[in-house]
2 protein chains.
Amino acid sequence: MTEDDLGRRGHTRTEIIASAYQLFIQRGYHGASMRQIAQNAGIALGGIYNHFASKEAIFIAVMIDHYPLMAIAPALQVAQGQTIEELFRNAALLIDQALGQSPDFLNLMFIELVEFHGQHVPQLFETVYPKVLLFAQQFEKWQNELRPVPIPILMRGFIGLFFSYFMTDKLIGSLLPVEMKQDAFDCFVDIYLHGILVKGEAVTE
Amino acid sequence: MTEDDLGRRGHTRTEIIASAYQLFIQRGYHGASMRQIAQNAGIALGGIYNHFASKEAIFIAVMIDHYPLMAIAPALQVAQGQTIEELFRNAALLIDQALGQSPDFLNLMFIELVEFHGQHVPQLFETVYPKVLLFAQQFEKWQNELRPVPIPILMRGFIGLFFSYFMTDKLIGSLLPVEMKQDAFDCFVDIYLHGILVKGEAVTE
DNA sequence: CCTACCGATCGGTAGG
DNA sequence: CCTACCGATCGGTAGG
């Protein structure tokens, strides 16, 4: 097998995953057919099975490449800040950028939760969890600036912040005037930060 | 047509909706078949079409009866409090109770967003929106206790709070130790309230 | 409300 | 990687 063959194989595989991703997030797992996936990838139905053993195998490959939670890890890793507020704001900004503007990326997560009962979530989450812990470790030096909230709840709330924003955007975003959406994300981050920091209260040392 | 007939008809219809609801949230819209819905409802396939014109008509009926956002409206309507903090806490508690313990209720929303591209959301949301506005009107008397956040963002954040909690519960809830889940919801409400109130800061009059 | 059926489409495979 | 095919199942309907 030459390198060209490997390149072709990889390219076709990539095309299949890209095609399946689009169809899955647009129609759901059972709503997207192997024939549609093949057609969008530019090959015949039978050709798919040279790359994947089954439809579910394609879904898992799509999850590994596009699962939204996975975008959180690298963002948490590179986020920096002189203050804890700056650290959070930078992390939020990086995650927001990584997830992209369209909230359609959430659909993959929805499909997983509904049509697969969240089977693959624990496996994927274990990849992210250590990164979350590393990020949370940075809080120690600012412990006196944080309200007495358990660190895991703090992180859970931070991740939840994105669901809060993107879910409401998905549900009622199209009904809101543009000027109200402009700074909504900043407002959400602001409320969260004000909610976890003691800033403004009397801090005795 | 006698009242008995109406009662039977209504009962069968209710059975179909209940059966469809369970199957939809467990397998998704395209993953649940009309034959399964009929079987769980205790009738033959053909019998369904005496009550519904199509599969989608069943889905819409299920949405009207079980759409999670609809549970928010009555809770906001009866929520009361001597302080704005109490008002929010009571509303949060009522909504939490109305939604129930199992976060499976969210699945219906996911299916709608993915497999129907959120077609029915605006119609359902218009039912809830006036109630949200009425709730928000109560804030006027406590305006000086609120940080300068636009009221719509405040309400969007309040609704988002539930997504924040239930989505993270659904995703990683099973991985968390029980003692960490115990007060998580209270903590989330607490962070939100601390985030929107000026309490603790210098309030000049 | 059930039985029996419709055409269409499903995921997957054999053979080349 | 394609063509042609498999049995199974899909949503929906006719007739009683």
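Scroll up to find the structure.
Here the structure is a predicted model, which is why all the values come from computation and not from measurement.

Rules used in this analysis
Residues numbered from 1 in each chain as written. Chains lettered and ligands numbered in written order. Predicted model: local features only at pLDDT ≥ 70, side-chain atom pairs only at ≥ 80, totals over all residues. Heavy atoms only, no water. Near = heavy atom within 4 Å. Polar contact = N/O pair within 3.5 Å; in protein donor to acceptor, adjacent residues only side chain to side chain. Axes fitted to C-alpha atoms, helices over the stretch in contact; angles between N-to-C directions. Helix = DSSP H or I, 4+ residues; strand = E, 2+ residues; numbered from the N terminus. Parallel < 35°, antiparallel > 145°, perpendicular 65-115°, else oblique. Left-handed = near helix turned anticlockwise from the far one by under 90°. Contact = heavy atoms within 4.5 Å. Nonpolar A, V, L, I, M, F, W, Y, C, P; charged D, E, K, R; others polar. Least-squares fit on C-alpha atoms with pLDDT ≥ 70 in both. Buried area = accessible area lost by both parts, 1.4 Å probe. Salt bridge = Lys/Arg side-chain N within 4 Å of Asp/Glu carboxyl O. Phe/Tyr/Trp six-rings, centres within 6.5 Å; stacked < 30°, edge-to-face > 60°. Buried < 20%, exposed > 50% of the residue type's maximum accessible area, 1.4 Å probe, protein only. Lys NZ or Arg CZ within 6 Å of the ring centre and 35° of its normal. Core = buried A, V, L, I, M, F, W, Y, C linked by side-chain atoms within 4.5 Å.

A. Spatial organisation of the protein's contact with DNA strand C. In the region of DNA strand C, 17 residues are neighbours, and A:Arg35, A:Lys55, B:Ala44, B:Asn50 and B:His51 sit closest. When atoms of DNA strand C within 4 Å of the protein are split into backbone and base, the sugar-phosphate part holds 48%. In this structure, a phosphate oxygen belonging to DNA strand C sits 3.2 Å away from a side-chain N or O atom of A:Tyr49. In the model, a base nitrogen of DNA strand C is placed 3.5 Å from a nitrogen or oxygen of the B:Asn50 side chain.

B. Highlighting the packing of helix H9 (residues 151-172) of chain A against helix H11 (residues 184-196) of chain A. Residue and element names in this part refer to chain A. H11 packs onto H9 with a crossing angle of 155° between their chain directions and a minimal axis gap of 10 Å. As the angle between them shows, H9 and H11 are arranged roughly antiparallel. Classified by chirality, the crossing of H11 by H9 is right-handed. Listed contacts from H11 to Leu154, Gly157, Phe158, Leu161, Phe162, Ser164, Tyr165 and Thr168 of H9 are Ala184, Phe185, Phe188, Val189, Tyr192 and Ile196. Across the contact of H9 with H11, the residue classes break down as 11 nonpolar, three polar and no charged.

C. The side chain of B:Thr168, seen in detail. Assignment of secondary structure puts B:Thr168 in helix H9 (residues 151-172). In terms of polar contacts, B:Thr168 uses its side chain to reach the backbone carbonyl oxygen of B:Ser164, at 2.7 Å. Excluding its chain neighbours within four sequence positions, the residues that come into contact with B:Thr168 are A:Arg156, A:Ile159, A:Gly160, A:Phe163, B:Phe163, B:Gly173 and B:Phe188.

D. Region of interest: the relation of the copies chain B and chain A. With an RMSD of 0.1 Å, the fit of chain B onto chain A corresponds to turning through 180° and sliding 0.0 Å along the axis. In the structure described here, the two chain copies are related by an operation that fits a two-fold rotation axis. By C-alpha distance to the rotation axis, the residue of chain B lying nearest is B:Gly195, at 1.8 Å.

E. Structural detail: the interface of chain B and chain A. Contacts between the two partners involve 54 residues from chain B, matched on the other side by 54 residues from chain A. Carbon and sulfur atoms make up 74% of the area that chain B and chain A hide from each other, which totals about 4,500 Å². The interface formed by chain B and chain A holds two salt bridges in total. Between B:Arg147 and A:Asp190 there is a salt bridge, and its shortest N-O distance comes to 2.8 Å. The interface formed by chain B and chain A contains 13 residue pairs in polar contact (both at pLDDT 80 or more). Listed by contribution, the elements that provide at least two residues to the side of chain B that touches chain A are helix H1 (3-27), helix H7 (106-115), helix H8 (121-137), H9 and helix H11 (184-196) of chain B. With 16 residues, H9(B) is the single largest residue contributor to the side of chain B that touches chain A. Of the residues in the side of chain B that touches chain A, the class split is 33 nonpolar, 13 polar and eight charged.

F. Structural detail: the packing of aromatic side chains. Enumeration over the complete set of coordinates arrives at 39 aromatic pairs over all chains. When the centroid spacing of 5.5 Å and the interplanar angle of 35° are considered together, the rings of A:Phe24 and A:Tyr29 count as tilted. Accessibility assignment for this pair places A:Phe24 and A:Tyr29 in one class, buried. Considering the side-chain rings of B:Phe158 and B:Phe162, the 5.4 Å spacing of their centres and the 85° angle between planes classify their relative orientation as edge-to-face. Of this pair, B:Phe158 and B:Phe162 are both found in helix H9, four residues apart, which corresponds to roughly one turn of the helix. B:Phe162 carries the same exposure label as B:Phe158, and that label is buried. Linked through ring pairs, A:Phe88, A:Phe105, A:Phe135, A:Phe139, A:Phe158, A:Phe162, A:Tyr165, A:Phe166, A:Phe185, A:Phe188 and A:Tyr192 together constitute an aromatic cluster. B:Lys55 extends its terminal NZ or CZ atom over the ring of B:Tyr29, reaching a point 4.5 Å from the ring centre. One residue, B:Lys141, lies across the ring of B:Trp142, its end atom 5.0 Å from the ring centre.

G. Highlighting the nonpolar core. A:Phe24, A:Phe139, A:Phe158, B:Phe24, B:Phe139 and B:Phe158 are the most contacted members of the largest nonpolar core, which totals 156 residues. Ignoring any residue separated from it by four or fewer positions in sequence, one finds B:Phe158 in contact with B:Leu76, B:Phe88, B:Ala91, B:Ala92, B:Ile95 and B:Tyr192.

H. Fine view of the protein's contact with DNA strand D. Inspection of the region around DNA strand D gives 17 residues, with A:Thr12, A:Ala44, A:Asn50, A:His51 and B:Lys55 positioned closest. Those elements that provide at least two residues to the surface near DNA strand D are helix H3 (45-48) of chain A together with helix H2 (34-41) and helix H3 (45-48) of chain B. Here the surface near DNA strand D is built from residues that sort into six nonpolar, eight polar and three charged.

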